[in-house]
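Fold and geometry: a report
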Amino acid sequence: MAEEISLQRKEHDAIASNRLLGLAEELYNQFLSETIPNVNLPTRTKKNIEYSDESEVWVYGDRETERSAKTVKGAFQLLKTTHVVDFLVNNHLNQNRGSTLRELYYISENWDIAKFREQPESDRLIEDLEIISGLQREYFHMRPEEDGATMFGPVRIREETKRGNRVIHCQEDIGESGYQIPFNVENIEFLDHDADFIIAIETGGMYARLIENGFDEKYNAVLVHLKGQPARSTRRIIKRMNDELKLPVVVFTDGDPWSYRIFASVAYGAIKSAHLSEHMATPGAQFIGVQPSDIVEYELSTDKLTDKDVAALRSELTDPRFETDYWKEQINLQLEINKKAEQQAFAGKGLDFVTDTYLPNRLTELGII
């Protein structure tokens, strides 16, 4: 099976190389035919983001922007694009190397007039190449600067690394900090598991609480720490476990509008990465809490909503991701009580309350246990 993973990785590299070189060839052929070089891309604005009822994720609409050498700015952008394609093919894919997004920005310092002025510019160009190629940046061996999140639970995996393949049980072979999710989760093969569901958790404190209380063992749960707004690799591994292992997903966050958006990014995709929603979003994910109704029912310790919180909640009432009777009821209740609460507020009921009472009750309501 390890050989199959290596073969898959080689296939991914070949696909990425062919698509990137295909872009370069298209620009070259435009030169030969005396056509002004150009590339069409979806307009990456909120006005061009649509909610797909069919796939239940955010996707780009039909509006497009032409990037053309007709203008000096457009010509420079295409020049930078060809430099990046050359670098990715010859340094990453052909030599089995990788770089961070930050390193790419500094590497361009050697590209004379094609160098990037700031990192957001090079980040956007990588996103452009994702859209054009239809591939995730991980296929190009591009990785984020920061480490990924962690997971803990009854799943045995095989991970392909630079130093060989490693078989890891995500409970028995790791410490209590959990298994660190790599930036490219396509290099992971799921071998077997005894899990019944996945619970994605916003905060590190609550993630540690569930591990300390043995929640993963008692309920055969895979715990995934989201680390706030989840990284792409975190959302991707959740989707893969949902699809391949047929494990239902619940999302446990703080009780505020920003945390509801964390849930939405897991379930429906994020606007910034709408071109990858179908690869990363898990539409079947369910929100387990903290609900505004929990604040009332359990008399949790709270903070008052800020003006920004109120504006965000009102915005969510018109957001298609929250266009259900459940969310309308919960958000309107929160606006009425004018309060928000953190996950750790359950500690006021005792250190075991969240794992012995709250979560089992909610999981039963959702039909998970």
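Residue numbering note: each chain is counted from 1, following its sequence as written. With the structure being a predicted model, the display of local features is reserved for residues of pLDDT at least 70 and the display and counting of side-chain atom pairs for 80 or more, all residues being used for whole-chain, interface and lining totals. As a convention, hydrogens and water are excluded, and side-chain values are obtained from all of the structure's heavy atoms.

A few points about the overall build of the chain
The following threshold applies: By definition, any uninterrupted DSSP run of H or I lasting at least four residues is a helix, any uninterrupted run of E lasting at least two residues is a strand, and each is numbered from the N terminus. As defined in this context, the radius of gyration uses C-alpha atoms, and a globule is described by 2.2 Å times the residue total to the power 0.38. Any residue under 20% of the maximum accessible area for its type is buried, any over 50% is exposed, and the rest in between are partly exposed; the area is computed with a 1.4 Å probe on protein chains only. Residues are treated as being in contact if the distance between any of their heavy atoms lies within 4.5 Å. Here, Shrake-Rupley sampling with a 1.4 Å probe gives the accessible areas, and only protein chains in the shown set may cover a residue. We score Asp and Glu as negative and Lys and Arg as positive, and we do not count His or the chain ends. To locate a charge, take NZ of a lysine, CZ of an arginine, CG of an aspartate or CD of a glutamate.
For the chain, the helix and strand inventory stands at 13 helices and 17 strands. In terms of overall dimensions, the chain is globule-like: its C-alpha atoms have a radius of gyration of 23 Å, near the 21 Å expected for 369 residues. Considering the chain as a whole, with its 369 residues, one finds that 53% of them fall into the buried category. For the chain, the proportion of contacts with a sequence separation of at least 24, taken over those separated by at least 6, is 72%. Approximately 17,800 Å² of the chain is accessible, and the part contributed by carbon and sulfur atoms is 45%. When the 43 basic and 63 acidic side-chain charges of the chain are each reduced to a single mean position, those positions are 5 Å apart.

Topic: the packing of helix 11 (residues 307-316) against helix 12 (residues 325-337)
Short version of the rule: Where helices are involved, their axes are fitted lines through C-alpha atoms of the stretch in contact, as for all axes, and angles between N-to-C directions lie from 0 to 180°. Here roughly perpendicular refers to angles of 65 to 115 degrees, roughly parallel to angles under 35, roughly antiparallel to angles over 145, and oblique to all remaining angles. When the near helix sits turned anticlockwise from the far one by under a right angle, the crossing is termed left-handed; a clockwise turn instead gives a right-handed crossing. Only Asp, Glu, Lys and Arg are considered charged, only Ala, Val, Leu, Ile, Met, Phe, Trp, Tyr, Cys and Pro nonpolar, and every remaining residue, Gly among them, polar.
Where helix 11 meets helix 12, the axes come as close as 10 Å, and the angle between the chain directions of the two elements is 155°. If you check the angle between helix 11 and helix 12, you find them roughly antiparallel. The two elements helix 11 and helix 12 meet at a crossing, and its hand is left-handed. Of helix 12, the residues touching helix 11 (which contributes V310, L313, R314 and E316) are I331, Q334 and L335. When the residues that make up the contact of helix 11 with helix 12 are grouped by side-chain class, the tally is four nonpolar, one polar and two charged.

Points about the side chain of S233
Secondary-structure assignment places S233 in helix 7 (residues 232-245). For S233, a relative accessible area of 7% corresponds to the buried category.

Regarding the pattern of salt bridges
Where we set the bar: Salt bridge criterion: a side-chain nitrogen from Lys or Arg within 4 Å of a carboxyl oxygen from Asp or Glu.
Enumeration according to the criterion identifies 17 salt bridges in this entry. E159 is paired through a salt bridge with R166; the nearest N and O atoms lie 4.0 Å apart. On the basis of relative accessible area, R166 is assigned to the partly exposed category, the value being 44%. Look at the salt bridges and you will find they share partners, linking E130, R137, E138 and R232 into a network.

Some words on helix 2 (residues 72-93)
Short version of the rule: What a helix is expected to span follows from its residue count: subtract one and scale by 1.5 Å.
Here helix 2 is 22 residues long and its end C-alpha atoms lie 30 Å apart, about the 32 Å a rise of 1.5 Å per residue gives. All buried positions along helix 2 are accounted for by G74, Q77, L78, K80, T81, V84, V85, F87, L88, V89, H92 and L93.

Quick look at the environment of D319
In this fold, D319 is placed in the loop between helix 11 and helix 12. Residues D319 and L366 lie 47 residues apart in sequence; the distance between their C-alpha atoms is 23 Å.

Details of a negative patch on the surface
Applied cut-off: Patches in this entry comprise residues that are over 30% relatively accessible and not in a salt bridge; like charges within 9 Å are linked, as are nonpolar side chains (Val, Leu, Ile, Met, Phe, Trp, Tyr) within 5 Å.
Taken together, the side chains of E172, D173, D194 and D196 make up a negatively charged region of the molecular surface. Positionally, D194 belongs in the loop between strand 11 (188-193) and strand 12 (197-201).

Quick look at the confidence of the model for the chain
The predicted coordinates of low-pLDDT regions are not to be read in fine detail. Put simply, the test is: For every residue, the predictor reports its confidence as pLDDT, a number between 0 and 100.
Per-residue confidence for the chain gives a mean pLDDT of 87, with 93% of residues at or over 70. The lowest-confidence element of the chain is strand 2 (residues 49-52), averaging 70 in pLDDT; the highest-confidence one is strand 14 (residues 249-252), averaging 97.

Remarks on the sheet that holds strand 8 (residues 155-161)
Convention followed: The rule for pairing is simple: two strands pair if DSSP sees at least two bridges between them.
Taken together, three strands build an open sheet; the order of strands is 9-8-11 and the sheet is antiparallel. Single-partner strands in this sheet number two, and they are strand 9 (164-169) and strand 11. With strand direction ignored, the average angle separating the axes of adjacent strands in the sheet is 20°. Here six bridges tie strand 8 to strand 9, and the two strands are oriented antiparallel to one another.

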